[in-house]
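Each chain, written out:
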Amino acid sequence: MASASPRRLDLLRQVGLEPDTVLGAEIDETPKPKETPRLLAVRLAREKALKVAAERPDAAVLAADTVVALGRRILPKAETGAEVRACLELLSGRAHKVLTAVAVSGPKGLTSRLVETRVRFKRLTGADIASYLESGEGLGKAGGYAIQGRAGAFVTELTGSYSGVVGLPLYETLNLLTGAGLKVR
Ligand SMILES: Cc1cn([C@H]2C[C@H](O)[C@@H](COP(=O)(O)OP(=O)(O)OP(=O)(O)O)O2)c(=O)[nH]c1=O
């Protein structure tokens, strides 16, 4: 598995899969000029899978990438409290999309899937944002929040894949692994 994300590993384990090796794939995640959120997610997932596949030519490699988008606007992976606040202010009271791409490099080559989930947040109060910032949970997360934590209480509607929002859409991942000729129990 080409991921340094403990959440992705937890999701795989949730369905009884245990990767032989877990290796982070460090790549440049900067969007290209005018790149759409969907194309960005797919490109990065594929690049992560290929990078680790080059290091481990005989292994099957699974990678994923999550991008949060408001229309065509890509929200950053929030690295500071100020970025978390800016993301939450944008997401408050509206619907956004979480795009997670999964890529598998296996015996049949490289394949990928894109999973799109629409998430609506309640209108956030100043107190909601302040206490979320204090929790620190939004740091390092695409779009500045993690649905599996306190921000779960901000969600009024979700259409798509919950596991996709957390970082690895399980139904599509299992299908992709099976389609790539890998045996998954
Ligand atoms: C929206 C959202 C994102 N996230 C996380 C999932 C991803 O780990 C992260 C998005 O960044 P990614 O670049 O997709 O992943 P990563 O850098 O954490 O891990 P790796 O590339 O090694 O696989 O945001 C949540 O945990 N919960 C959420 O609700």
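Residues numbered from 1 in each chain as written. Predicted model: local features only at pLDDT ≥ 70, side-chain atom pairs only at ≥ 80, totals over all residues. Heavy atoms only, no water.

**Some remarks on the overall build of the chain**
Then, in step 1: Counting its regular elements, the chain contains six helices and five strands.
Then, in step 2: When the helices and strands of the chain are placed in sequence order, the string is α-α-β-β-α-β-β-α-β-α-α.
Then, in step 3: Computed over the C-alpha atoms, the radius of gyration of the chain is 16 Å, within 12% of the 16 Å expected from 2.2 N^0.38 for a compact globule of 185 residues.
Then, in step 4: Dimensions of the chain, computed from the C-alpha atoms along their principal axes, are close to 50 × 35 × 25 Å. (Helix = DSSP H or I, 4+ residues; strand = E, 2+ residues; numbered from the N terminus. Rg over C-alpha atoms; globule rule 2.2 N^0.38 Å.)

**Thoughts on the site of the ligand**
Then, in step 1: Every one of the 19 residues lining the ligand counts as a neighbour, but Ser3, Ala4, Arg8, Lys48 and Lys77 are closest to it.
Then, in step 2: Lys77 is positioned such that a nitrogen or oxygen atom in its side chain is 2.6 Å from an oxygen atom of the ligand.
Then, in step 3: For the ligand, whose accessible area on its own is 600 Å², the fraction buried by protein is 94%.
Then, in step 4: Listing elements by their share of the shell around the ligand, those giving two or more residues are α1 (6–14), β1 (61–70) and α5 (162–166).
Then, in step 5: Among the elements that make up the shell around the ligand, the one with the highest residue count is β1 (three residues). (Near = heavy atom within 4 Å. Polar contact = N/O pair within 3.5 Å; in protein donor to acceptor, adjacent residues only side chain to side chain. Areas by Shrake-Rupley, 256 points an atom, 1.4 Å probe, with all protein chains shown as cover.)

**Here we look at the packing of aromatic side chains**
Then, in step 1: Within this structure, the stated rule accounts for three aromatic pairs.
Then, in step 2: Their ring planes at 65 degrees and their centres at 5.8 Å tell us that Phe121 and Phe154 sit as a pair that is edge-to-face. Within this pair, whereas Phe121 is found in strand β4 (residues 109–121), its partner Phe154 is found in the loop between α4 (126–135) and β5 (155–159), the two being separated by 33 residues in sequence. The two residues Phe121 and Phe154 agree in class, both being buried.
Then, in step 3: By the ring-pair criterion, three or more aromatic residues cluster together here, those being Phe121, Tyr132, Tyr145 and Phe154. (Phe/Tyr/Trp six-rings, centres within 6.5 Å; stacked < 30°, edge-to-face > 60°. Buried < 20%, exposed > 50% of the residue type's maximum accessible area, 1.4 Å probe, protein only.)

**Quick word on the pattern of salt bridges**
Then, in step 1: According to the stated counting rule, one finds 13 salt bridges in the structure shown.
Then, in step 2: With its nearest N and O atoms 2.7 Å apart, the salt bridge here joins Glu116 to Arg38. A residue pair is termed long-range when its members are at least 10 positions apart, and Glu116 in strand β4 and Arg38 in helix α2 (residues 37–55) qualify at 78 residues.
Then, in step 3: The residue Arg150 makes a salt bridge to Glu137 at a minimum N-O spacing of 3.4 Å. With Arg150 in the loop between α4 and β5 and Glu137 in the loop between α4 and β5, this residue pair connects regions lying 13 residues apart in the sequence. (Salt bridge = Lys/Arg side-chain N within 4 Å of Asp/Glu carboxyl O.)

**Things to note about the UniProt feature "site: Important for substrate specificity" (unreviewed entry) in the chain**
Then, in step 1: Here the UniProt feature "site: Important for substrate specificity" (unreviewed entry) sits at Arg7, Thr66 and Gln148. Taken together, the annotated residues stretch across 142 residues yet fold into one region, lying no more than 14.4 Å apart by C-alpha.
Then, in step 2: Topologically, Arg7 is positioned in helix α1.
Then, in step 3: Structurally, Thr66 can be placed in strand β1.
Then, in step 4: Once residues lying within four places of it in the same chain are set aside, the contact partners of Thr66 are Arg8, Val98, Leu99, Thr100, Ala142, Gly164, Val165 and Gly167. (UniProt positions renumbered as here; feature names shortened; annotations may be inferred. Contact = heavy atoms within 4.5 Å.)

**Things to note about the environment of Leu75**
Then, in step 1: Note on placement: Leu75 falls in strand β2 (residues 73–75).
Then, in step 2: Remark: the alpha-carbon pair of Leu75 and Gly143, spanning 68 residues in sequence, is separated by 5.2 Å.
Then, in step 3: Among residues more than four places away in sequence, those in contact with Leu75 are Val68, Cys87, Leu90, Leu91 and Gly143.

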